[in-house]
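Chain residues, written in single-letter form:
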Amino acid sequence: MQRTNTNDPSYYHKVVDCQWGCPAHTNVPEYIRLIAQGRYDDAYILNRESNVFPGILGRTCDRPCEPACRRTRVDGKPVAICRLKRVAADHKSDDIKARLPKAPAQKNGKKVALIGAGPASLTVANDLMPLGYEVTIFEKFDRPGGLMRVNIPSFRLPPEVLDEEIAAIVDMGVDVRYNSPVESLEALLATKEFDAVFVGSGAPKGKELEIPGRRESDQIFIGIEWLESIHFGHVNSVGKRVVIIGVGNTAMDCCRSAKRLGATDVKVIARKTRKYFKASPWELEDAEEEGIHILENLQPVRFIIENGVLTGMEFDKFVSEEVDGKLVQTPAGREILPCDTVVLAIGQDNAFPWIERNIGLEFDKKWDMPVVDKKTFMSTRPGVFFGGDAAFGPANIIWAVEHGHQAAISVHQYCQGLPLTERPPDGMTLASTKMGLHEWAYSNNYSGAPRQKMKHVEMPKRFDGMSIEVEEGFTEEQTRAEVQRCLNCDVQTHFTDNLCIECDACIDICPVDCLTIAKPGDEADLRTRLMAPAQNLDQALFVSDPLKQTGRVMVKDENVCLHCGLCAERCPTYAWDMRKFVLSWPHASKVETPAAAAR
């Protein structure tokens, strides 16, 4: 193996597993350290640079960072990254407003239209307004937020949290035109009012289930439409026996909403076994805590309608087993479940009836989705961009945010006459955390504390209304314990080859045997000759240049390193150092315009 190129930002970025796993590349370890120091405002602002909505995502994020968390390799439980994000949002001060982005008085002469006021569009506005753009949002509802507002129940996401974080963007001077659905993209483009258009309209169409009886009752609903009706007050009651078809996160919102509307018997129906559920594990846990029954291995056959009234559903039953890693289901008869209401939550589709097919904007033949460049987010019609669910189908809010960041770069490039493929590079800084012989600028003491459990509102009280937020947030004591569980994976072990005297002190003290001085070889060979065999091929090996004493190389298995700093503390020649890595991820504000370059 050649020496590892630690000058490439992606190397250390991949080592910070939580940040690498986050679509928006949030600097997780740093904001956790800021929370540990009680610097909630600083933690919030750092969060907001990448994910834009810390309070919203601290309650609703799908948490791709947590399965990646290195802490799981120690005790099986990741740091509660998402919940700590909420801590910063809940405890920030009013002074935070002075630190939020602002739009300049002098505009740059370019106008951009955004379709839909969901997370993707709001992120584009957040990034473009400070650059002097005039931004107009066309929103079909009477308030902003998109599916964040109308499809996520307020017992999970209070409206005041939405209002505050959206206002931070809109109050920069965004022209939001409410109750203004775009009914013709061709007509909007024909006005020539805008230099670019971004489509962030989401995936607003719930999937249907066309089986016998579907059109014979008014008590069969589409999940996202039903949640929307609850939000606007059009639905305020439900049958006592409710069946939810589907096991995604929308299904979890539906079944928990049904309980709050008065249902006493709520069942969620899954076609496969729990391993294949799309809902997040914590969403399933919260639903089951509230007495919701999740039934596996059932496939809908028909709705049972008696005298025009829905009385039940019939299902095919299966017996499931894993064969060579694949699910094999064997028919096992049929089953009838009595019910008064059925909610279909089996997925969402995009719907673009308002985009004409003759305006140079291509749609693929398989899914009837717009053809969108995955790097630039531009469609085949120059100047028309897509992001969020509207671009590549339903995903979590954090994905929509990152789409918005990257689309904003493209919109900016397009409006300034620059090539869209020329993206601002990612970069990094590395700064030593050494403060003394045995003193570091971060806490490297290992905490054995277990993951903290979120406290919930007591069971009877939480059903008193749709607006009672179930999760109460971490207490001060819980926060103090949870932040100490972070392993500071952004504080990197940095090795300087020519300072090493091969004394083996670092190898002797390493608590997880991640260091080895070995004869050079290819990667497959080296992985077998380390102090502990490096079996996780997804995590890199660090390999030095040949050392001057023997020509051997220093090898480190990044997979098991705890970033404890003992190697650097023990090293007598300062060959090892603990350096804090900070990633610079491309955003529109980092694109150099021709005017800026001329200065």
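Each remark here, short or long, concerns the structure printed above.
Bear in mind the structure is a predicted one, so any value in this text is a computation, not a measurement.

Draft legend 1. Quick peek at the packing of aromatic side chains. This model, assessed by the stated rule, comprises 12 aromatic pairs. Measuring from centroid to centroid gives 5.3 Å for phenylalanine 141 and phenylalanine 232, while their planes differ by 45°, and the two rings are tilted. Placement of the pair is phenylalanine 141 in the loop between strand S2 (134-138) and helix H10 (147-150) and phenylalanine 232 in the loop between helix H13 (223-231) and strand S7 (241-245), with a sequence separation of 91 residues. Its relative accessible area of 12% is what places phenylalanine 141 among the buried residues. Each ring, one from phenylalanine 352 and one from phenylalanine 386, has its centre 6.0 Å from the other, and the planes form 80°; the classification is edge-to-face.

Draft legend 2. Structural context of the side chain of glutamine 19. By the secondary structure assignment, glutamine 19 is in helix H2 (residues 17-21). By relative accessible area, glutamine 19 is classed as buried at 2%.

Draft legend 3. Region of interest: the pattern of salt bridges. For the structure on display, the rule yields 48 salt bridges. A salt bridge links arginine 33 to aspartate 490; the shortest N-O distance between them is 2.6 Å. Remark: aspartate 490 occurs in the loop between helix H19 (476-483) and strand S19 (491-495) and arginine 33 occurs in helix H3 (residues 28-36); sequence separation between them is 457 residues. For arginine 33, a relative accessible area of 12% gives the class buried. For aspartate 368, the salt bridge identified is with arginine 357, shortest N-O distance 3.1 Å. With aspartate 368 in the loop between strand S14 (348-349) and strand S15 (384-386) and arginine 357 in the loop between S14 and S15, the pair connects residues that are 11 residues apart, well separated along the chain. For aspartate 368, a relative accessible area of 41% puts it in the partly exposed group. Take arginine 357: its relative accessible area is 43%, and that puts it in the partly exposed class. Taken together, the shared-partner salt bridges in this structure form one network comprising Arg256, Arg260, Glu289, Glu290 and Arg462.

Quick notes on the rules
- Residues numbered from 1 in each chain as written.
- Predicted model: local features only at pLDDT ≥ 70, side-chain atom pairs only at ≥ 80, totals over all residues.
- Heavy atoms only, no water.
- Phe/Tyr/Trp six-rings, centres within 6.5 Å; stacked < 30°, edge-to-face > 60°.
- Helix = DSSP H or I, 4+ residues; strand = E, 2+ residues; numbered from the N terminus.
- Buried < 20%, exposed > 50% of the residue type's maximum accessible area, 1.4 Å probe, protein only.
- Salt bridge = Lys/Arg side-chain N within 4 Å of Asp/Glu carboxyl O.

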